[in-house]
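Fold and geometry: a report
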Amino acid sequence: MFKRKLDKTIIDNLQNTNLWSEKIKKDCNRQKVFLAIRDNLIDFYHRGGRLFCFDKQGFKTHIKYASVISKTGKDYLTEPELSDYKLAADFKTNYHRIKENCSNYSGIEAAGVSALYHKHSYLSDNNIIVLDIEVSFESFNEENTQDRIDILLYKKDTQTLQFVEAKHYSNSEIRSRTTPGVIDQVNKYESQILKRRTEILSGYTEYLKIVNNIFNISLPKPKTIEDKVILLIFGFDQDQKTGKLKKMVTENSKYSGIKNYSIGNIKKVVMENFWNAKEL
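Here goes a summary of the coordinates provided. The structure displayed is predicted, hence computed values, not measured ones.

Things to note about the overall build of the protein
- Helix and strand content of the protein: ten helices and eleven strands.
- A globule of 280 residues ought to have a C-alpha radius of gyration of about 19 Å, and the protein, at 20 Å, matches this closely.
- With respect to the principal axes defined by its C-alpha atoms, the protein has extents near 65 × 45 × 40 Å.
- By residue count, 48% of the 280 residues in the protein fall in the buried class.
- Long-range contacts, defined here as pairs at least 24 residues apart, represent 65% of the contacts in the protein between residues at least 6 apart.
- Carbon and sulfur atoms make up 45% of the accessible area of the protein, which amounts to about 14600 Å² in all.

A word on the pattern of salt bridges
- What the rule picks out here adds up to 20 salt bridges.
- Among the salt bridges present, the one from Lys-8 reaches Asp-12, with a minimum N-O distance of 2.8 Å. Of this pair, Lys-8 and Asp-12 both sit in helix 1 (residues 8-15), four residues apart, roughly one helical turn.
- Looking at Lys-8, the relative accessible area reads 59%, which means it is exposed.

Let's talk about the layout of surface pockets
- Taken as a whole, the largest pocket encloses approximately 300 Å³ of empty space.
- In terms of lining residues, the largest pocket is bounded by 16 residues, among which Arg-4, Arg-38, Ser-136, Phe-137 and Gln-146 are the most central.
- Looking at the lining of the largest pocket, the elements with two or more residues in it are strand 2 (42-46), strand 5 (128-138) and strand 6 (146-155).
- Per-element accounting of the lining of the largest pocket gives the leading share, four residues, to strand 5.
- Tallied by class, residues from the lining of the largest pocket come to five nonpolar, two polar and nine charged.
- Estimates place the volume of the second largest pocket at around 240 Å³.
- Together, 17 residues line the second largest pocket, and Glu-109, Ala-110, Glu-134, Arg-148 and Asp-150 are the ones closest to its centre.
- Element by element, the count of residues in the lining of the second largest pocket is highest for helix 6 (residues 108-117), at four residues.

Thoughts on the state of the cysteines
- Using the criterion set out here, one finds zero disulfides in the structure.
- Left without a disulfide partner, Cys-53 is nearest to the cysteine sulfur of Cys-102, which lies 12 Å away.
- Overall, the relative accessible area of 8% leaves Cys-53 in the buried class.

What about unusual backbone geometry?
- The backbone of Glu-134 sits at a positive phi, close to 50 degrees, despite the residue not being glycine.
- With respect to the helices and strands, the residue Glu-134 is situated in strand 5.
- Owing to a relative accessible area of 28%, Glu-134 belongs among the partly exposed residues under this scheme.
- Phi at Gln-159 is positive, roughly 55 degrees, even though this residue is not glycine.
- Take Gln-159: it is sitting in the loop between strand 6 and strand 7 (160-168).

Let's talk about empty space enclosed by the protein
- For the coordinates displayed, the defined rule picks out two cavities of 30 Å³ or more.
- Quantified by volume, the largest cavity comes out at close to 40 Å³.
- Around the largest cavity, the lining residues are Cys-28, Gln-31, Val-33, Phe-34, Leu-35, Tyr-117, Ser-121, Tyr-122 and Leu-123.
- Quantified by volume, the second largest cavity comes out at close to 40 Å³.
- Lining the second largest cavity are Ala-115, Leu-116, Lys-119, His-120, Ile-266, Lys-267 and Val-269.
- For the lining of the second largest cavity, the residue count by class is four nonpolar, one polar and two charged.

Conventions we followed
Residues numbered from 1 in each chain as written. Predicted model: local features only at pLDDT ≥ 70, side-chain atom pairs only at ≥ 80, totals over all residues. Heavy atoms only, no water. Helix = DSSP H or I, 4+ residues; strand = E, 2+ residues; numbered from the N terminus. Rg over C-alpha atoms; globule rule 2.2 N^0.38 Å. Buried < 20%, exposed > 50% of the residue type's maximum accessible area, 1.4 Å probe, protein only. Contact = heavy atoms within 4.5 Å. Areas by Shrake-Rupley, 256 points an atom, 1.4 Å probe, with all protein chains shown as cover. Salt bridge = Lys/Arg side-chain N within 4 Å of Asp/Glu carboxyl O. 1 Å grid on protein atoms, 1.4 Å probe; cavity = no way out; pocket = protein on both sides within 12 Å on 5 of 7 lines; lining within 4 Å. Points joined across faces, edges and corners; volume = space filled by probe spheres on them. Nonpolar A, V, L, I, M, F, W, Y, C, P; charged D, E, K, R; others polar. Disulfide = S-S within 2.5 Å.

Structure, rendered in structure tokens:
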């Protein structure tokens, strides 16, 4: 089953932590951190990386983010001085340094997706918002354990969910002499929507209840899901758009039936254009 839920004890424990009340919640409200709900787990994203997760055991972060030296007052240390300092001992004190490390490790596509949730999160005033990212489903294909879709958008006035798969122009999966790999991805994701429609709507109805409770907002529950997954391609210049992108994708018959929104600079995305995306 596809689940989006949190036991009340997890929510209560989160709200009783100083890291949440003094740091992360403020960053969520400023759209600097994006909170996403899983199955009795919360993920916190920042600039393309999973900054923290939170479950019944509390906060966790990746060792590569947490490996920071406690504040020294210096930008440079000699080797003898290094032995006088120690690694950060708590998340709250070293929160900003952990955030810096998180952003430094982000891949090009994850960083691109972050440009959307840092500007159009469900805590913004926009009609079209990012409701979730890295949405995982148990795969119907025995060769894979999970199908993971990059972005879930939500159009508040129509209460409609829209899944989006994001690819940077440099990703080899969008080009092939035969059939590009991304086409199979999109087809698999659309099969997930078809077969799990009821689960998805139920899961995100609960998701929104939790989000509304945590942030004291009143987003409406979803009523429907778009059948088609939109392929978002970004990170190209004008010459590439009229050259290789046109040849590889927009005029490639293999992409027939795939909904596409292509934009060079992802920071200039117009959210309404996702709903205006056409099949190639």
